[in-house]
Amino acid sequence: DRRQRQMCIRDRERSCASAMKIAQMLQYHPAVDGVNYPGLREHPGYSVAKTQMLDFGAMMSFTLNNKSRQRAVEVLGKLNIFTLAESLGGVESLCGHPATMSHASVPSDERKAMGIDDSLIRLSVGIEDVDDLMEDLQQALR
């Protein structure tokens, strides 16, 4: 129905706008080594994404300066709004740690070849207040 379709469009727009703000914040956070989000001009796929996508999406990943698995798990454990989940993509904000979740059975050297660092954290940004989401990430990264 039309009303439900409009709600879905608003949710998508909100998630995408929030993801962009979060990616920009993480990009300059001192604990973060790199952010993988096609909406950032520095992303290698930015030009293609800009021509092919309406928005840049609500999915992203980032790695920590401290490349340890332990530090990534610690950060994930401190998040209060983002929920740890192996399957990402809904209206709620979710997070995951591929090295211990979706790719846990892949040998470490193969994961690294795939670009999956032990400190890689994946986010699916939902429709919660973006300031709350950013504060949640900031406190977890302290």
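Structure report, in brief. All of these numbers come straight from a predicted model, not from anything done at the bench. (Residues numbered from 1 in each chain as written. Predicted model: local features only at pLDDT ≥ 70, side-chain atom pairs only at ≥ 80, totals over all residues. Heavy atoms only, no water.)

Glancing now at the pairing of strand β5 (residues 121-124). Across 4 bridges, the pairing between strand β2 (residues 59-64) and β5 is antiparallel. Counterpart to Ser61 in the pairing with β5 is Arg122. Bridge count between strand β4 (residues 94-96) and β5: 3 bridges; the pairing is antiparallel. Bridging across to β5, Cys95 finds its partner in Leu123. (Pairing = 2+ DSSP bridges. Helix = DSSP H or I, 4+ residues; strand = E, 2+ residues; numbered from the N terminus.)

With that out of the way, let us pick up the packing of aromatic side chains. Working definition: an aromatic ring pair is given by the centre-to-centre distance plus the angle between the planes. Taken as a whole, this structure holds 1 aromatic pair when the rule is applied. With 5.7 Å between their ring centres and 25 degrees between their planes, Tyr46 and Phe56 make a pair best called stacked. You can see Tyr46 sitting in helix α2 (residues 46-52) and its partner Phe56 sitting in the loop between α2 and β2, a full 10 residues away along the chain. For the pair Tyr46 and Phe56, a shared accessibility class is recorded, and that class is buried. (Phe/Tyr/Trp six-rings, centres within 6.5 Å; stacked < 30°, edge-to-face > 60°. Buried < 20%, exposed > 50% of the residue type's maximum accessible area, 1.4 Å probe, protein only.)

Right, let's talk about the packing of helix α1 (residues 2-27) against helix α5 (residues 130-141) for a bit. Where α1 contacts α5, the axes come no closer than 10 Å and their chain directions differ by 30 degrees. One finds that α1 runs roughly parallel with respect to α5. The two elements α1 and α5 meet at a crossing, and its hand is right-handed. Between α1 and α5, the residues in contact are Ser18, Lys21, Ile22, Met25 and Leu26 and Val130, Leu133, Met134, Leu137, Gln138 and Leu141, respectively. For the contact of α1 with α5, the residue count by class is 8 nonpolar, 2 polar and 1 charged. (Axes fitted to C-alpha atoms, helices over the stretch in contact; angles between N-to-C directions. Parallel < 35°, antiparallel > 145°, perpendicular 65-115°, else oblique. Left-handed = near helix turned anticlockwise from the far one by under 90°. Contact = heavy atoms within 4.5 Å. Nonpolar A, V, L, I, M, F, W, Y, C, P; charged D, E, K, R; others polar.)

Time to look at the environment of Arg41. Looking at where Arg41 falls in the secondary structure, it is placed in the loop between β1 (32-36) and α2. Given a relative accessible area of 62%, Arg41 falls into the exposed group.

What follows covers the pattern of salt bridges. This structure, assessed with the given rule, holds 8 salt bridges. Between Glu74 and Arg71 there is a salt bridge, and its shortest N-O distance comes to 2.7 Å. Placement of the pair is Glu74 and Arg71 together in helix α3 (residues 69-78), with a separation of 3 residues, close to one helical turn. Glu74 is the partner of Lys78 in a salt bridge, and the nearest nitrogen-oxygen pair spans 3.8 Å. With Lys78 and Glu74 both in helix α3 and 4 residues apart, this pair spans about one turn of that helix. We classify Glu74 as partly exposed; its relative accessible area is 36%. (Salt bridge = Lys/Arg side-chain N within 4 Å of Asp/Glu carboxyl O.)

So, on to the packing of α3 against α5. In contact at an axis separation of 8 Å, α3 and α5 are set at 135 degrees when each is read in the N-to-C sense. Taken together, the axis directions place α3 and α5 in an arrangement best described as oblique. Between α3 and α5 the crossing geometry is right-handed. Together, Arg71, Val75 and Lys78 of α3 and Asp136, Gln139, Ala140 and Leu141 of α5 make up the contact between the two elements. Residues of the contact of α3 with α5, tallied by class, amount to 3 nonpolar, 1 polar and 3 charged.

Honestly, that's just the spatial picture; any functional story needs more than this.
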